[in-house]
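One-letter residues, chain by chain:
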Amino acid sequence: MSNVETDPDQVLCRAEDQHEGLSRRSDRAPVEILTARSVPLGGPRAMNVRRTLPQRQRSLIGPWCFVDHYGPDDVSRSGGMDVAPHPHTGLQTVSWLFDGAIQHIDSGGNAGLVLPTEVNLMTAGRGICHSEVSTADTKVLHGVQLWLALPDAVRHEEGRKFEHHAPEPVGFDGGELIVFLGELWGTRSPVSTYSPLVGAEIRLRPGASVDLPVDERFEHGVLVDAGDVAVEDVDLPVNALGYTGVGLSELRISNRAEADARVIVLGGFPFDEEIVMWWNFVGRNHEEISRYRQEWQDESDRFGEVIGYVGTGGPGRNASGLSRLPAPELPEVRIRARRNPPPHAQNTTPTTKENDR
């Protein structure tokens, strides 16, 4: 998925050395609550997504650097998803759907359908571009789009990789687990990643609770899609992301609702490299980002070409008549530092207001 904001923020992410006091509920671990902000995805009817990473409060959870959550969205009203070809560098995109279907085409010659509970992972490396369009038979679109920052050692690789995996649900008392990336509770995904991490969907039946065994070296985030959910006995609103930091060997997730709950669990080793994010690029400094932008505008070989894109505006065009998304203008100022707090939950006051980045 693209960041289609016309004035995207610049984000410099790095570990900070100090942190404030912690807050707890009962004797469980503290939880930092990251609320979402609404971002229009583009097009004349602008499907909205809810973004919890990156933001001012925290920019990374392990290598996870971008979390968009959307739907359930009535495609007949919103127009669905139609993101014309757009570039990426230095990251992997992770597509995970609950409902609907999305046609993916990239400049590595890969085409595939994103379907519910089947993960699609695209590795940008040095550069790639792709398009994403919800299919004509999709009535409701609902899912998450995630990005992983690539370590410096592999972020310049030439290959444009695409992987697909349909993981099997694993049942436990009170619910089931679907691991789409990494490893959790004895289940491992075969999809290639470059940092120790986990990505999983957990479904809980009404009144159920699970003490999930996790890697205590990981920091974790829990995104609530549905249900009256508590993480470590702290109430977590729908659409919010609860962050727990490192040091936990188990993560308690509870459903207090009379209907099923669903959450996405993300985790990984704290990412100890400094990264800069702007628009759809992940780099290491302002000069890199500026170069990537210019090369995209110049239609350079770095990103290649998407063949076969059909948008809502017809073959090769989105509803606005664009055959590719133009890059926004860079701001006149250099990148402003955003220091990612250390891997421990900070004191926060839950709020219903949306955070800006």
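Bear in mind the structure is a predicted one, so any value in this text is a computation, not a measurement.

Conventions and cut-offs
Every chain begins its residue count from 1, and numbering advances along the sequence as written. Where local features are concerned, this predicted model is filtered to residues with pLDDT of at least 70; where side-chain atom pairs are given and counted, the filter is 80 or more; whole-chain, interface and lining totals use all residues. Where side-chain values are given, they derive from all heavy atoms of the structure, hydrogens and water being excluded. For helices the rule is a DSSP run of H or I covering at least 4 residues; for strands it is a run of E covering at least 2, with both sets numbered from the N terminus onward. Each residue's exposure class comes from its accessible area (1.4 Å probe, protein chains only) as a fraction of the maximum for that residue type: buried when under 20%, exposed when over 50%, partly exposed otherwise. In what follows, a contact means two residues having at least one pair of non-hydrogen atoms within 4.5 Å. Each accessible area is a Shrake-Rupley estimate made with a 1.4 Å probe; only the visible protein chains count as cover when residues are assessed. Residue-level confidence of the predictor is summarised by pLDDT, bounded by 0 at the bottom and 100 at the top. Only strands joined by at least two bridges in the DSSP assignment are considered to pair.

Caption draft 1: Main features of the overall build of the protein. Helices and strands together make up the secondary structure of the protein, namely two helices and 29 strands. Here the protein, with 357 residues, has 57% of them falling under the buried criterion. Partitioning the intrachain contacts of the protein with sequence separation of at least 6 by distance along the chain shows that 76% fall at a separation of at least 24. Accessible surface, the protein: about 14,400 Å² in total, of which carbon and sulfur atoms supply 46%.

Caption draft 2: The confidence of the model for the protein, seen in detail. Of the residues in the protein, 88% have a pLDDT of 70 or more, and the chain-wide mean is 90. With pLDDT under 50 throughout, residues 15–23 is counted as low confidence; its partners more than four residues away or in other chains account for 19 contacts. Counted against residues more than four places away or in other chains, residues 349–357, with its pLDDT under 50, gives 25 contacts.

Caption draft 3: Local environment of the environment of tyrosine 243. Looking at where tyrosine 243 falls in the secondary structure, it is placed in strand 22 (residues 241–243). Taking the C-alpha atoms as reference, tyrosine 243 lies 5.5 Å from valine 31; in sequence the two are 212 residues apart. Every residue in contact with tyrosine 243, bar those within four places of it in the chain, is listed here: Pro30, Val31, Glu32, Arg58, Ile61, Glu219, His220, Gly221, Pro342, Pro343, His344 and Ala345.

Caption draft 4: Quick look at the pairing of strand 25 (residues 275–278). Residues Ile275 and Met277 point to one face of strand 25 and Val276 and Trp278 to the other, with burial holding for every one of them. One ladder, built from three bridges, connects strand 25 with strand 26 (residues 281–283); its direction is antiparallel. Counted as the bridge partner of valine 276 is glycine 283 from strand 26. Between strand 25 and strand 26, which pair antiparallel in sequence order, lie two residues; one of them, tryptophan 279, sits at a positive phi of approximately 50 degrees.

Caption draft 5: Broad picture of unusual backbone geometry. The omega torsion across leucine 53 and proline 54 is -5 degrees, close enough to zero to call that bond cis. By secondary structure assignment, the location of proline 54 is in the loop between strand 4 (48–53) and strand 5 (64–74). Here the amide bond leading from glycine 71 into proline 72 is cis, since omega sits at 0 degrees, within 30 degrees of zero. Here proline 72 lies in strand 5. In this structure, tryptophan 185 takes a positive phi of about 50 degrees despite not being glycine. Among the secondary structure elements, tryptophan 185 is positioned in the loop between strand 15 (175–184) and strand 16 (187–188). We classify tryptophan 185 as partly exposed; its relative accessible area is 40%.

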